[in-house]
Amino acid sequence: MKLLVTGSSGLIGSEVCMHFSELEWEIHGIDNDQRAVFFGPQGDTRWN
């Protein structure tokens, strides 16, 4: 199965990705990383 997750680096999106990854789904995630704009370097989620 395939899955597209918007907001994949956020709290809920990253958990969704991890859950379906364990089920061996093919996951494509996108995220605009607006947390870095609002909260600065501490809010950056590019690592995720």
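Residues numbered from 1 in each chain as written. Predicted model: local features only at pLDDT ≥ 70, side-chain atom pairs only at ≥ 80, totals over all residues. Heavy atoms only, no water.

Here we come to the pairing of strand E2 (residues 26-30). Summarising the sheet, strand E1 (residues 2-6) and E2 pair through 5 bridges and their orientation is parallel. Considered in E2, the bridge of Lys 2 is made with Glu 26. Tracing the backbone out of E1, into helix H1 (residues 11-22) and back to the parallel element E2 gives a crossover that is right-handed. (Pairing = 2+ DSSP bridges. Helix = DSSP H or I, 4+ residues; strand = E, 2+ residues; numbered from the N terminus. Right-handed = clockwise from strand over helix to strand, strands pointing away.)

The next thing to look at is a nonpolar patch on the surface. Nonpolar side chains collect at one region of the surface, where Val 37, Phe 38 and Phe 39 lie side by side and expose about 390 Å² of accessible area between them. Within the secondary structure layout, Phe 39 lies in helix H2 (residues 34-39). Residue classification places Phe 39 among the exposed residues on the basis of a relative accessible area of 57%. (Patch = residues over 30% accessible without salt bridge, like charges linked within 9 Å, V, L, I, M, F, W, Y side chains within 5 Å. Areas by Shrake-Rupley, 256 points an atom, 1.4 Å probe, with all protein chains shown as cover. Salt bridge = Lys/Arg side-chain N within 4 Å of Asp/Glu carboxyl O. Buried < 20%, exposed > 50% of the residue type's maximum accessible area, 1.4 Å probe, protein only.)

Bringing unusual backbone geometry into the picture now. Its identity is not glycine, yet Glu 24 carries a phi of approximately 65°, on the positive side. Counting through the fold element by element, Glu 24 comes out in the loop between H1 and E2. With a phi close to 55°, Asp 33 is a non-glycine residue in the positive phi region.

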